Amino acid sequence: MIKLAVFDLDGTLAELGEWIQPENVALLKKLEERGIRVAICSGKPAYYLCGLLRQVGLKQPLIAGENGAVVQSGITLPPKDFWIQPYSEKAKKSIAFLKAEFDRVLPNMWYQPNLVGLTPFPSVEEELDIIQEIIDENKTKLEDIEIYRHVDCFDFMPSGLSKKAGIIRLEEMLGITSEEVVCVGDGVNDYPMFEHAGLALGIRVPEKDLVDMNFLCVNDALRYLISKTEEKYVIDSSENKEFLREMRNELLSFGHNFASPGGSSYYLGIDGTPMKDKNRETWITSRMAHVYSIGALLGHEGSESLADAALEGLKKELYDQANGGWYAGFSADGGIIPTKQCYAHAFVILAATSGLLANRPGAGELLKEALEVYDRFFWDEKDGLARDTWDTEFKNLSDYRGLNANMHSVEAFLAVADVTGNEMYRERAGRIIRHVIGWAKNNEWRIPEHFDSNWNMDLECNKDTPDDQFKPYGATPGHGIEWARLIVQWACSTYESEKDRYSYVESAERLFQRAIADAWNVDGAPGICYTTDWDGRPVVHDRMHWTLAEAINTSAVLYHLTGKAYYATKYYEFMEYLDEKVLDHENKSWFHQLDRKNQVLDTVWPGKPDIYHALQATLIPYSAIDTSIAAAVH
């Protein structure tokens, strides 16, 4: 897979002294949208290339100026990420000697304002030969200098500094290999990068054996590169929509065997076989009721009876007749799992709203009961946040407070508002969201997860058990991504004007971008690390399938809302990673946990417990931004 496309400028992307043609600009943008980073590697100074690229409009351009000697990310000046290749004192003296010789013979010659090399531009063609004579007369003094003669100038570079060296620096910045790089050029100073890159494309290069393919113009090369990308990963393409549709049907078929005789949900194994030695939990049962209610709305065969089975499990088997509310679940031997969890109760609400939309029997009564229990025991009106865990009898409340339960409460509240029209729950969602944004903003947009009963942050919680299933240590980038989507959904459903919802969308973008910068492709392999410390360093490197699902959802939502190519680029990358690493093509489902080398792991999530996150990731990218997913499907 190509991850970096490096283009020479003069004679390649543009003719000498000319702008890049609009049709080629459009193709460069399309490459970027398809997950390929675009770099300009030119003999021109980096600051000159910044000005040029401002007109092009790429979102994440990279620059290697002065034939790779000066490297930077982005086009801001002064640059935030800027690097000059080291070179010897002897080379500096040789360049100074050449400059003095040229000034003596051609005192009015113009020099490109370089930081490293020397680039003289003669005023007439004959002066190129004069410069060549000076070079030939002083060859023994220039052994530490690389010399490139062009049609209008010379480039003099310290030995070891070349476009190849610049590209190696870009590879280090991006964490990629040379096999993932394509270079496009036309001149002698491009030859080192041709030798290095996994794919070398020439533009009218005379020495055709130096390149893999030779084109008459850069437009042809760009179209060739576009053809190398996968349409099915491109957001808004018909191929991507079909890819998601097929996956959705396969997931719904995969999950058919979840229901126990009483309706509570078994964990599913790698091949969809029930794992009867695992607990049957309320939150998983609720998720399966939710997804098969959606399946019923979509017309997937068998979904109605499967939704009914899960809802029956929630109404009877998992419901605590003595104390009200829902047990956390049952162990494999039928024992009650103690405590009453806000997390689980939020999912009961979600399941009931989806069942109601799908016109499933008893869903309305289930929703009424679930809201009454939630409002009585879990919602704290004074704080505008949800409590976390009670004992089974609802007598003793834990001192722990957590944002995971609050996040899924927001999801449930927005569904209730969409399905019933009761806007009190949308207002509650907004109260929680404002708390979360405040905490994240004061913590460099890494969301604290764990709190005490007074909502004081506990940043060291579970430091000794960092991969805890529900309370991992540190920041959870996947939650930052998921919160970003929920914030956008709430803001767009609450505020009609772009001005009113601006700050919320901006916060969502910051959360998403922070999570991606901290955790996506940061440890030598693709994937999103499960957790980081409070400085953004990965702690648990495992890749959980749900984080990828939320990344797909949120990148699509932010792209459709903002139109920014950055999000289309990320969507492409996530889709490609899903297809290559996370999608189980044999069993037609998603692996739930991979290690840092993307090998299947089961230390946190054995088997494939449910299809909730994966199924939603096949729907949310093309659903209404301001509407909860079952309501959008309905």
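Computed from a prediction, not measured in an experiment: that's the story for all the values here.

**Brief notes about the overall build of the protein chain**
In terms of helices and strands, the protein chain carries 20 helices and 29 strands. Over its C-alpha atoms, taken along the principal directions, the protein chain stretches across nearly 100 × 50 × 45 Å. Counting across all 634 residues of the protein chain, residues that qualify as buried make up 60%. When contacts within the protein chain are restricted to residue pairs at least 6 apart in sequence, those whose partners lie at least 24 apart make up 62%. Carbon and sulfur atoms form 47% of the exposed surface of the protein chain, whose accessible area is close to 25100 Å². Of the side chains in the protein chain, 64 bear a positive and 97 a negative charge, and the two mean positions are spaced by 3 Å.

**Examining the environment of Val6**
Here Val6 lies in strand 1 (residues 4-7). Measuring from C-alpha to C-alpha, the distance between Val6 and Ala39 comes to 4.7 Å, with 33 residues separating the pair along the chain. Each residue touching Val6, except ones within four places of it in the same chain, is listed here: Ala39, Cys41, Ile167, Val181, Val182, Cys183, Val184 and Met193.

**A closer look at the packing of aromatic side chains**
The description of an aromatic ring pair uses the distance of the two centres, along with the angle that the planes make with each other. Counted by the stated rule, this structure contains 36 aromatic pairs. Between Tyr327 and Phe330, the ring centres sit 5.8 Å apart and the planes meet at 65 degrees, which makes this aromatic pair edge-to-face. An identical accessibility class is assigned to Tyr327 and Phe330; each is buried. Taking the centre distance of 5.2 Å and the plane angle of 70 degrees together, the rings of Tyr343 and Phe347 count as edge-to-face. Of this pair, Tyr343 and Phe347 are both found in helix 11 (residues 342-357), 4 residues apart, which corresponds to roughly one turn of the helix. Joined through ring pairs, the aromatic side chains of Tyr374, Phe377, Phe378, Trp379, Trp390, Phe394, Phe413 and Tyr425 make up one cluster.

**A closer look at the packing of helix 13 (residues 403-420) against helix 15 (residues 477-494)**
The interhelical angle for the contact between helix 13 and helix 15, taken along N-to-C directions, is 25 degrees, at an axis separation of 11 Å. When the interaxial angle is binned, helix 13 and helix 15 end up roughly parallel. Crossing of helix 13 over helix 15 shows left-handed handedness. For the pair formed by helix 13 and helix 15, the contact residues are Leu403, Asn404, Asn406, Met407, His408, Val410, Glu411, Leu414 and Asp418 on the first element and His479, Glu482, Trp483, Leu486, Gln489 and Trp490 on the second.

**Some details on the sheet that holds strand 12 (residues 213-215)**
Strands sit in the order 5-4-3-2-1-10-11-12 across an open sheet of 8 strands; the sheet is mixed. Only two strands of the sheet have a single partner each, and these edge strands are strand 5 (81-84) and strand 12. Here the average twist between neighbouring strands, direction ignored, is 15 degrees. Inspection of the sheet shows strand 4 (residues 70-73) paired to strand 5 by 4 bridges, in the antiparallel sense. Considered in strand 5, the bridge of Val70 is made with Ile84. Set on the sheet, helix 2 (residues 46-56) makes contact with strand 2 (37-41), strand 3 (62-65) and strand 4; between it and strand 3 the angle comes to about 145 degrees.

Each value, and the rule that gives it
- Starting afresh in each chain, residues are numbered from 1 along the sequence in its written order.
- This being a predicted model, a pLDDT of at least 70 is required before a residue's local features are given, and a value of 80 or more before pairs of side-chain atoms are given or counted; all residues contribute to the totals for chains, interfaces and linings.
- Only heavy atoms go into the side-chain values, all of them from the structure, while hydrogens and water stay out.
- Think of it this way: any DSSP run of H or I at least four residues long counts as a helix, any run of E at least two long counts as a strand, and we number them from the N terminus.
- Note on classification: 1.4 Å probe, protein chains only; a residue is buried when its accessible area is under 20% of the maximum for its type, exposed when over 50%, partly exposed between these limits.
- Two residues form a contact once any of their heavy atoms are found within 4.5 Å.
- Methods summary: accessible areas were calculated by the Shrake-Rupley approach with a probe of 1.4 Å, and residue burial reflects only the protein chains presented.
- Positive: Lys, Arg. Negative: Asp, Glu. His and the chain ends are not part of the count.
- In plain terms, the charge of a residue is placed at NZ if it is Lys, CZ if Arg, CG if Asp and CD if Glu.
- Two rings belonging to Phe, Tyr or Trp (six-membered ring only in the last case) form a pair when the distance between their centres is within 6.5 Å. Interplanar angles under 30 degrees mark stacking, angles over 60 mark edge-to-face geometry, and anything in between is tilted.
- Only the stretch in contact is used when a helix axis is fitted, and all axes are lines through C-alpha atoms; the angle between N-to-C directions ranges over 0 to 180 degrees.
- For classification purposes, angles smaller than 35 degrees are called roughly parallel, those larger than 145 roughly antiparallel, those between 65 and 115 roughly perpendicular, and all remaining angles oblique.
- Here is the rule for handedness: rotate from the far helix to the near one, and if that takes an anticlockwise turn smaller than a right angle the crossing is left-handed, while a clockwise turn gives right-handed.
- DSSP-based pairing: two strands are paired if at least 2 bridges between them are found.

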